[in-house]
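Survey of secondary and tertiary structure
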Amino acid sequence: MVPAAREGGGPAPLASQSVSQPRSVLVTGGNRGIGRAIAEAFIAAGDKVAVTTRSGGAPEGALELKADITDPAAVEAAFAAAEEAHGPVEVLVANAGITKDTLVLRMSEEDWSSVIDTNLTASFRLAKRAAKGMLRQKKGRIIFISSVVGLLGSPGQVNYAASKAGLVGMARSLARELGPRSITANVVAPGYVDTDMTAVLSDEQKEGIRSQVPLGRYADPTEVAGAVLFLASPEAAYVTGAVIPVDGGLGMGH
Ligand code: NDP
């Protein structure tokens, strides 16, 4: 049954979230890999895109913002610059992430904390800052890039898997907290994607992974971008707290 009328805190009409109005989009780590494909897809859709990076090289058409997301002041400055150029951030894609893989007994406190700081704590920082403007606007889309590994586990990735699993709990809590203001929070969980992050794997490791993926190949970064664009679209207005796998079937069942 479709609600007849909207009163108070109900969902905003779809028209107010139409992509015919360019949106202010912020993508962390939008200079390479998956983040770059996401930024390029939003640019192609006509949105106003700001990209954070430490090393530079944002795609053409994006506003490049130098920021280390583990630095709260740098994140604040990036949001201020994005807002000044494009208006309040309506779509946040928390994509930037790192790995520091090693077996648990060899994993140092630093291996643990640097991965948690970058992948999980910085995502909290970004979402909190984005929520400030979204709550005022009574609309917004928060999208976290997690990983199949967050739910499946992976030997040598205790730190990484914990950080990526943490994003699911965070997104679902945000979905409950911010839902009454028509703000959605979702997770995209890619499998193995052809980027610098996976380029370091040995041929043997790559083949081992490929053999477990029902689709028998790695993803192209644009295939992750497709799911992100959907979550940011008017068609996804009623999708929140979801974990969308883009993993060739690797994680099926979780
Ligand atoms: P890449 O290694 O290719 O790129 C990582 C990106 O994150 C870069 O843009 C990098 O910026 C940025 N970044 C890292 N640390 C920081 C930091 N402290 N501050 C600001 N930016 C930072 O990774 P992918 O494109 O492969 O991965 C993107 C996301 O997708 C990550 O969260 C990753 O965990 C996730 N993912 C990747 C998978 C894969 O198979 N590739 C599978 C599942 C999930 P800079 O260039 O400036 O260093």
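Predicted model, so just to flag it, every value in this text is computed and none were measured.

What counts, and where the lines are drawn
- Per chain, residue numbering runs from 1 following the sequence as it is written.
- Restriction of local features to residues with pLDDT of at least 70 applies here, the model being predicted, together with a cutoff of 80 or more for giving and counting side-chain atom pairs; totals for whole chains, interfaces and linings are based on all residues.
- Nearness between a residue and a molecule or strand is assessed with a C-beta atom placed from the backbone; a distance within 6 Å qualifies.
- Segments assigned H or I by DSSP are reported as helices when at least four residues long, segments assigned E as strands when at least two residues long, and all are numbered from the N terminus.
- Under this grouping Gly is polar, as are all residues other than the nonpolar Ala, Val, Leu, Ile, Met, Phe, Trp, Tyr, Cys and Pro and the charged Asp, Glu, Lys and Arg.
- By our criterion, buried Ala, Val, Leu, Ile, Met, Phe, Trp, Tyr and Cys residues that link up through C-beta atoms within 7 Å make up a nonpolar core.
- Here a residue counts as buried when 20 or more other C-beta atoms sit within 10 Å of its C-beta, as exposed when there are 12 or fewer, and as partly exposed otherwise, the C-beta atoms being derived from the backbone.
- Contact between two residues is assigned whenever their backbone-derived C-beta positions fall within 7 Å.
- Axis definition: a line fitted to C-alpha atoms, limited for helices to the stretch in contact. Angles are taken between N-to-C directions and run from 0 to 180 degrees.
- Any angle that is under 35 degrees is reported as roughly parallel, and any over 145 degrees as roughly antiparallel; angles of 65 to 115 degrees are reported as roughly perpendicular and all others as oblique.
- Should the near helix be turned anticlockwise from the far one by less than a right angle, the crossing is termed left-handed; should it be turned clockwise, right-handed.
- A pair of strands counts as paired when DSSP detects no fewer than two bridges linking them.

1. Overview of the site of the ligand
Close to the ligand lie 28 residues, the nearest being Gly29, Gly33, Arg54, Gly97 and Thr195. Those elements that provide at least two residues to the shell around the ligand are helix 1 (33–44), strand 2 (48–53) and helix 6 (196–199). Considered class by class, the residues forming the shell around the ligand number nine nonpolar, 15 polar and four charged.

2. Some thoughts on the environment of Ser55
Note on placement: Ser55 falls in the loop between strand 2 and strand 3 (63–66). Each C-alpha atom of the pair Ser55 and Arg32 lies 9.9 Å from the other, and the pair is 23 residues apart in sequence.

3. Focus: the nonpolar core
Ile38, Leu92, Ile143, Val188, Val224 and Val228 are the most contacted members of the largest nonpolar core, which has 65 residues in total. Looking at this core element by element, the count peaks at eight residues for helix 3 (residues 109–137). Sequence-distant contacts of Ile143, that is, excluding residues within four places in its chain, are made with Leu92, Val93, Asn186, Val188, Val228, Leu231 and Ala232.

4. Overview of the packing of helix 1 against helix 8 (residues 221–232)
In helix packing, the relevant descriptors are the interaxial angle and the interaxial distance, both defined with respect to the helix axes. Interhelical geometry of helix 1 versus helix 8 gives an angle of 55° and a closest axis separation of 8 Å. Overall, the two elements helix 1 and helix 8 adopt an arrangement that is oblique. In this structure, helix 1 crosses over helix 8, and the sense of that crossing is right-handed. Contact residues: Gly33, Ile34, Arg36, Ala37, Ile38 and Ala41 in helix 1; Pro221, Thr222, Val224, Ala225, Val228 and Leu229 in helix 8. Along the lines of polarity and charge, the residues of the contact of helix 1 with helix 8 split into nine nonpolar, two polar and one charged.

5. Things to note about the environment of Gly248
Residue placement: Gly248 occurs in the segment after strand 7 (243–246). Judged by the 23 C-beta atoms lying within 10 Å of it, Gly248 falls in the buried class. In this structure, the C-alpha to C-alpha distance between Gly248 and Gln212, residues 36 residues apart in sequence, is 9.6 Å. Not counting residues up to four positions away in its chain, the partners in contact with Gly248 are Gly191, Val213, Pro214, Leu215, Arg217 and Ala219.

6. A closer look at the sheet that holds strand 6 (residues 183–190)
If you trace the seven strands from one edge of the open sheet to the other, you get 3-2-1-4-5-6-7, paired in parallel fashion. The sheet is open, and its two borders are formed by strand 3 and strand 7, each paired with just one other strand. For this sheet the average axis-to-axis angle between neighbouring strands, irrespective of direction, equals 20°. Two elements, strand 1 (residues 24–28) and strand 4 (residues 91–94), share three bridges in a ladder whose sense is parallel. What sits directly across from Val25, in strand 4, is Val91. This element, helix 5 (residues 158–178), spans strand 5 (140–145), strand 6 and strand 7 of the sheet and lies at about 160° to strand 6.

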